[in-house]
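# Descriptive analysis of the structure
For reference, the chains in residue letters:
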Amino acid sequence: MENWEKLSKLSREEVVKLQNRKLSYFLRNEVPKHPYYKNLFLKNKIKLNDIKTVKDLKKIPFTTKEDIAPTKNNPGLPLRFVLQDRNEKYKPVHVHFTAGRTAAPTPFYYTNYDIENMKEAGKRMMSLIKASKNEIAVNAFPYAPHLAFWQTYFALNACKIMSLHSGGGKILGSEKIIRAIAGMKATTLLAMPGYAYHILRIAKDEKIDLGSLNNIILGGERINEGLRNKIKTLLKNKVKIYGTYGFTEGKTVWTQCDEKSGYHLYPDLEYMEVVDDKGESVGEGEKGEIVYSALDWKGSVVLRYKTGD
């Protein structure tokens with residue numbers, strides 16, 4: 001991975017050059033090890049030399065949830081998206097599952113290389129919200145093989161931040177989580193938007209002081225301004241609330257650096273497109289569907305994946 005301080009200051013032209021280089025390396029060194037894309041390229045008569053820049057990615061057909069999700073007749077479909085190599089660095093050591101809202105729960109595999117990527121992405125997340133090593137954090141995401149809990153775990157661990165990984169209401173319980181925040185004088189809460197509001201409302205009703213919180217990081221669901229304002233009202237202080245965006249197939253999470261900002265991407269790890277209903281790229285500032293391509297992951301990997309978002 002690239003140095004984040006240097007990477008975050010690159011011009012758009014320099015970012016594109018970096019992504020072109022990363023894509024070229026990925027296609028020539030990893031696609032031949034990828035069962036699905038190796039076959040897709042052959043089937044569509046796509047040559048690796050046909051794709052020289054990220055703009056050439058449009059030559060690759062979209063990948064959808066239906067291509068990846070296991071079926072009753074073919075439960076092994078997700079394995080087609082795992083890079084195959086006997087080298088130890090390609091060995092999967094960790095797995096997450098999609099939520100299974102629109103298709104069967106789908107496993108996505110991580111190698112040790114990917115875990116290090118998650119840790120670095122976590123450091124970047126925490127630097128964007130200007131968190132220090134002196135923070136005290138409570139991870140209230142539900143304990144499960146899902147991205148939100150584990151990205152939070154690896155982020156806080158990599159940043160050497162004192163943390164309680166509660167597992168959420170079904171594991172530790174809301175009352176104990178509330179009292180842990182108060183007793184630890186936690187400065188950072190990480191949770192699903194609705195659950196964060198739930199425990200803060202209980203704390204207010206029971207007159208438990210959670211005024212030590214100055215950062216709330218929300219993920220797993222969309223957050224609207226109404227809920228953001230309700231949370232601020234409950235705490236009655238200058239708490240900052242950051243939204244995050246992520247999906248299992250992307251293998252990491254992106255965050256805001258300010259309550260009014262968009263999400264900061266990691267251009268050395270992925271390339272994002274936004275397309276219209278016909279699959280054509282939209283202009284700057286226009287709405288469309290997010291399409292994701294991996295640039296530097298191992299384990300499970302997707303190219304031109306239509307997120308549905």
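Above this text you will find the structure in question.
Bear in mind that the values here come from a model prediction, so they are computed numbers and not experimental data. (Residues numbered from 1 in each chain as written. Predicted model: local features only at pLDDT ≥ 70, side-chain atom pairs only at ≥ 80, totals over all residues. Heavy atoms only, no water.)

### Notes on the overall build of the protein
Looking only at helices and strands, the protein features nine helices and 11 strands. Here the C-alpha atoms of the protein give a radius of gyration of 20 Å, agreeing with the 19 Å that 2.2 N^0.38 yields for 309 residues. Taking all 309 residues of the protein together, the buried fraction comes to 50%. By sequence separation, contacts in the protein at least 24 residues apart represent 64% of the contacts at least 6 residues apart. Surface summary for the protein: the accessible area is close to 15900 Å², and the carbon and sulfur share equals 51%. Charge centroids of the protein, computed over 50 positive and 35 negative side chains, lie 2 Å from each other. (Helix = DSSP H or I, 4+ residues; strand = E, 2+ residues; numbered from the N terminus. Rg over C-alpha atoms; globule rule 2.2 N^0.38 Å. Buried < 20%, exposed > 50% of the residue type's maximum accessible area, 1.4 Å probe, protein only. Contact = heavy atoms within 4.5 Å. Areas by Shrake-Rupley, 256 points an atom, 1.4 Å probe, with all protein chains shown as cover. Lys, Arg positive; Asp, Glu negative; His and termini not counted. Charge placed at Lys NZ, Arg CZ, Asp CG, Glu CD.)

### Examining the packing of aromatic side chains
A full pass over the atoms with the stated rule returns 18 aromatic pairs. Measuring from centroid to centroid gives 4.4 Å for tyrosine 36 and phenylalanine 81, while their planes differ by 25°, and the two rings are stacked. In this pair, tyrosine 36 is assigned in helix 3 (residues 35-43) and phenylalanine 81 in the loop between helix 4 (65-68) and strand 1 (92-97), connecting sequence segments 45 residues apart. Taking the relative accessible area as the measure of exposure, tyrosine 36 reaches 12% and is therefore buried. Residue classification places phenylalanine 81 among the buried positions, given a relative accessible area of 0%. Each ring, one from tyrosine 245 and one from tyrosine 263, has its centre 6.0 Å from the other, and the planes form 40°; the classification is tilted. Of this pair, tyrosine 245 sits in strand 7 (residues 240-246) while tyrosine 263 is found in the loop between strand 8 (253-255) and strand 9 (270-275), placing the two residues 18 residues apart along the sequence. Among the residues examined, tyrosine 245 registers a relative accessible area of 17% and is labelled buried. Through a chain of ring-to-ring contacts, three or more aromatic side chains come together here, namely Trp4, Tyr245, Phe247, Trp254, Tyr263, Tyr266, Tyr292 and Tyr305. (Phe/Tyr/Trp six-rings, centres within 6.5 Å; stacked < 30°, edge-to-face > 60°.)

### Focus on the side chain of serine 293
Looking at the element boundaries, serine 293 is found in strand 10 (residues 289-294). A residue is classified by how much of its surface remains accessible, and serine 293, at 0% relative accessible area, is buried. At a separation of 2.8 Å, a polar atom in the side chain of serine 293 contacts the main-chain amide nitrogen of arginine 304. Those residues in contact with serine 293 that sit more than four places away from it in its chain are Leu57, Leu269, Glu270, Tyr271, Glu273, Val302, Leu303 and Arg304. (Polar contact = N/O pair within 3.5 Å; in protein donor to acceptor, adjacent residues only side chain to side chain.)

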